[in-house]
Amino acid sequence: MRERFTGKANEYLAEIAKDGKYTDANRGYVIIPHKIKRCLGLSLYEKMLLECLLSYMGDSNKCYPTQERLALHMLCSSKTVERHLKSLAAKEFIKIEKTNKNNVYYLPDNLHENHYLLLSEKTYEFMNSVRGKVNSGDLDKWVAEVVKSETYQEFITKLRNTLRIKYTQESSGVNVLEIALSGYSKHDYVEKKVGEILEEYKSFMQKEFEEKFKQTSCSTDLKSVQDTNKRESLLK
């Protein structure tokens, strides 16, 4: 029976990626940030598909695998691939250029400010701030419910609409006036508004967390007091 690996996972996986002792079909690897791998706004199929596209891009800025090849990698139908390609494009994780042959896929140059990524990371940030106050499993289940809620989608929409001001040539009359009155450049104005939206979301999460876990918190506090009283009585 083989022993468990005891080194660094990243280094071992890099060795596996380069190994060609028996086969030489899929050597190499691609960096996928945790914030994409763990993004709360992407479904399992969307993540799998995005990872496949990234693996084809490698050191390039584009790729053009067929939908049938992507379906093979994901062990699903080409119709499923087609549907999730559209959803990835709608969520602005990829850009699709249609040609007479295969589609060509690109990453948008503002992926680092994708609205789904931003709200997902803010969610994890909040979770880290309260982890330990309640049962970890209960916290994860509650967050999963929040991500499915209409309110979460409303914050996604707020971020998307605000960020589009930064990357579009034309802004609505309201936005132009508001930006002018703010005294900020368009880029600085958008960054300020995004920060405000994320803080508003953090306040929303804090309020919902306190409401959801108030009984648990009270029970935990009571148990803590009881344990303290018990220890003090033993010391007397």
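Values in this document were obtained by computation on a predicted structure and should not be read as measured data.

K.L.:
Please clarify how a nonpolar patch on the surface should be interpreted in this entry.
P.N.:
Judged by side-chain polarity, Phe-5, Tyr-12, Leu-13 and Ile-16 come together as a nonpolar surface patch covering roughly 400 Å² of accessible area. Relative to the assigned elements, Leu-13 resides in helix H1 (residues 9-18).

K.L.:
Hey, could you run me through helix H3 (residues 44-57) in this one?
P.N.:
Note on helix geometry: an α-helix contains 3.6 residues per turn, so any two residues three or four positions apart are oriented the same way. End to end, H3 covers 20 Å across 14 residues, agreeing with the expected 20 Å (1.5 Å per residue, within 8%). Among the residues making up H3, those that are buried are Glu-46, Lys-47, Leu-49, Leu-50, Cys-52, Leu-53, Leu-54 and Met-57. The inward-facing, buried residues of H3 contact helix H2 (34-37), strand S1 (62-63), helix H4 (67-74), helix H5 (78-90) and strand S3 (104-106). Phi for Gly-58, located one or two positions after H3, is positive at around 55 degrees.

K.L.:
Explain the pattern of salt bridges here, please?
P.N.:
Where side chains of opposite charge bring their charged atoms close, a pairing between them can arise. Taken as a whole and judged by the stated rule, the model has 15 salt bridges. For Glu-92, the salt bridge is made with Arg-164, and the minimal N-O distance between the two is 2.7 Å. In this pair, Glu-92 sits in the loop between H5 and strand S2 (95-97) while Arg-164 sits in helix H8 (residues 150-167), placing the two residues 72 residues apart along the sequence. Relative accessible area serves as the criterion here: at 23%, Glu-92 is assigned to the partly exposed category.

K.L.:
Quick question: what am I supposed to make of the sheet that holds S3 here?
P.N.:
What links the strands of a sheet is backbone hydrogen bonding, and the strands pair in either a parallel or an antiparallel sense. Taken in spatial order, the three strands make up an open sheet running S1-S3-S2, and their pairing is antiparallel. Looking along the sheet, the strands with just one partner apiece sit at the ends: S1 and S2. Taken together, the three bridges between S2 and S3 define a ladder with antiparallel strand orientation. Across the sheet, residue Ile-96 finds its bridge partner in S3, namely Tyr-105.

About the criteria used
Residues numbered from 1 in each chain as written. Predicted model: local features only at pLDDT ≥ 70, side-chain atom pairs only at ≥ 80, totals over all residues. Heavy atoms only, no water. Patch = residues over 30% accessible without salt bridge, like charges linked within 9 Å, V, L, I, M, F, W, Y side chains within 5 Å. Areas by Shrake-Rupley, 256 points an atom, 1.4 Å probe, with all protein chains shown as cover. Salt bridge = Lys/Arg side-chain N within 4 Å of Asp/Glu carboxyl O. Helix = DSSP H or I, 4+ residues; strand = E, 2+ residues; numbered from the N terminus. Expected span 1.5 Å × (residues − 1). Buried < 20%, exposed > 50% of the residue type's maximum accessible area, 1.4 Å probe, protein only. Contact = heavy atoms within 4.5 Å. Pairing = 2+ DSSP bridges.

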